[in-house]
Amino acid sequence: MSTLALPDQQIRVETSSAQRAAPTGRAGATIRKTLYRSGAIIGFLLVWELIPQFLLEPASKVFLPPLHEVLQQLWKMIVSGDLLTHISASLGRSAIGFLLAVVIGVPVGLVVAWFSRIGDFLNPLLEVFRNTAALALLPVFTLTLGIGELSKVTIVLYAAFFPVLLNTILGARSVDPLLIRAGKTLGLNNFEIFSKVVLPASVPIIFTGIRMAGTSAVLVLIAAEMIGAKAGLGYLITNSQASFLIPKMYAAILTVAILGFVVNAALVALERHFSRWARA
């Protein structure tokens, strides 16, 4: 009896071992994939740490401090609460301008795409403003709206509006005509086709524009804060440079990069949530 049971026991032992090894193998593959994707960033940070210490002369090292000095300064600003103050100021301004751009840009883009006559009428004007850089209009916004919050929020709105608008138009116009025809065959009216066919099919391209707008909102605001602001990451960068606090300046620049990465990751997560049907 024991000899007959032995092969079954061996099979059960091997099966359980394989079951235990499977999650471990997946975890190892995930770790290797993460390390591979992070390799370029890790390499860049190592270069930033090593080159100023071993290859630059002391005079040049003042203008490019090693990474550990920048991180020390960053930690000091975090502990003191100074960094949080500037991040809150920048995020508040960029969030207001960005949300206004999305709230205005998506409906206007859908209307322009759905009604061809309106699109033909507005297209030349949209092309003119689309090719006018937001930073080129910064003096105009500053002169007309002042150096306060209104001009900064407005330039963020301008910079974020056109990526949202143009990608919404592109997404609505690139819907497969067969889907629209199928909706009409099923007896849907124009509003139902628009809300149940065109809008859901446009979501992936619309979110591409929203991601571009999120990046533009942060970057344009940093430039706007360099003029006439009393708080914000842009102000922190220029003030540190003017005071010759070079590690603090690089710490602020590093914060901008991290903030942009976080904003993009959050928008990607939202895009995946609202585009689950497309992946399915």
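Preceding block: the structure.
**A short note on the layout of surface pockets**
Empty space among the atoms can be located by rolling a probe the size of a water molecule over them.
Inference 1: Estimates place the volume of the largest pocket at around 270 Å³.
Inference 2: In terms of lining, the largest pocket is formed by Ala40, Ile41, Phe44, Leu45, Trp48, Leu67, Leu71, Leu254, Ala257, Ile258 and Phe261.
Inference 3: When residues in the lining of the largest pocket are grouped by element, the largest group, five residues, is from helix 2 (residues 39–54).
Inference 4: Within the lining of the largest pocket, the residues separate by chemical class into 11 nonpolar, no polar and no charged.
Inference 5: Considered as a void within the structure, the second largest pocket measures approximately 210 Å³ in volume.
Inference 6: Together, 15 residues line the second largest pocket, and Arg130, Ala159, Phe162, Pro163 and Ser216 are the ones closest to its centre.
Inference 7: Mapped by element, the contributors of at least two residues to the lining of the second largest pocket are helix 6 (116–130), helix 8 (149–173) and helix 10 (190–225).
Inference 8: The leading source of residues in the lining of the second largest pocket is helix 8, at six residues.
Inference 9: Taken together, the residues that form the lining of the second largest pocket break down as 11 nonpolar, three polar and one charged.

**Describing the packing of aromatic side chains**
Inference 1: Tallied over the full model, the rule gives seven aromatic pairs.
Inference 2: On the numbers, 6.1 Å between centres and 50° between planes, the contact of phenylalanine 44 with tryptophan 48 is tilted. In this pair, phenylalanine 44 and tryptophan 48 are both assigned in helix 2, four residues apart and thus about one turn of the helix distant.
Inference 3: Take phenylalanine 44: its relative accessible area is 51%, and that puts it in the exposed class.

Conventions adopted
- In every chain, residue numbers begin from 1 and rise along the written sequence.
- Two thresholds apply to this predicted model, a pLDDT of at least 70 for residue-level local features and 80 or more for giving and counting side-chain atom pairs, whereas whole-chain, interface and lining totals are computed over all residues.
- For side-chain calculations, the full set of non-hydrogen atoms in the structure is used, while hydrogens and water are omitted.
- Any residue with an atom within 4 Å of a point lines the site, the site being either a cavity, points on a 1 Å grid over the protein atoms alone where a 1.4 Å probe fits but cannot get out, or a pocket, an open set with protein on both sides within 12 Å along at least 5 of 7 lines.
- Grid points are joined across faces, edges and corners, and a volume is the space filled by probe spheres set on the points.
- Put simply, DSSP H or I for four residues or longer makes a helix, DSSP E for two residues or longer makes a strand, and each gets a number counted from the N terminus.
- Put simply, Ala, Val, Leu, Ile, Met, Phe, Trp, Tyr, Cys and Pro go in the nonpolar bin, Asp, Glu, Lys and Arg in the charged bin, and everything else, Gly too, in the polar bin.
- Between rings of Phe, Tyr and Trp, where Trp is taken as its six-membered ring, a pair exists when centres lie within 6.5 Å; planes separated by under 30 degrees are stacked, by over 60 edge-to-face, and by other angles tilted.
- The buried label goes to any residue with under 20% of its type's maximum accessible area, the exposed label to any with over 50%, and the partly exposed label to all in between, with areas taken from a 1.4 Å probe on protein chains only.

The quantities given are spatial measurements derived from coordinates; they are silent on function.
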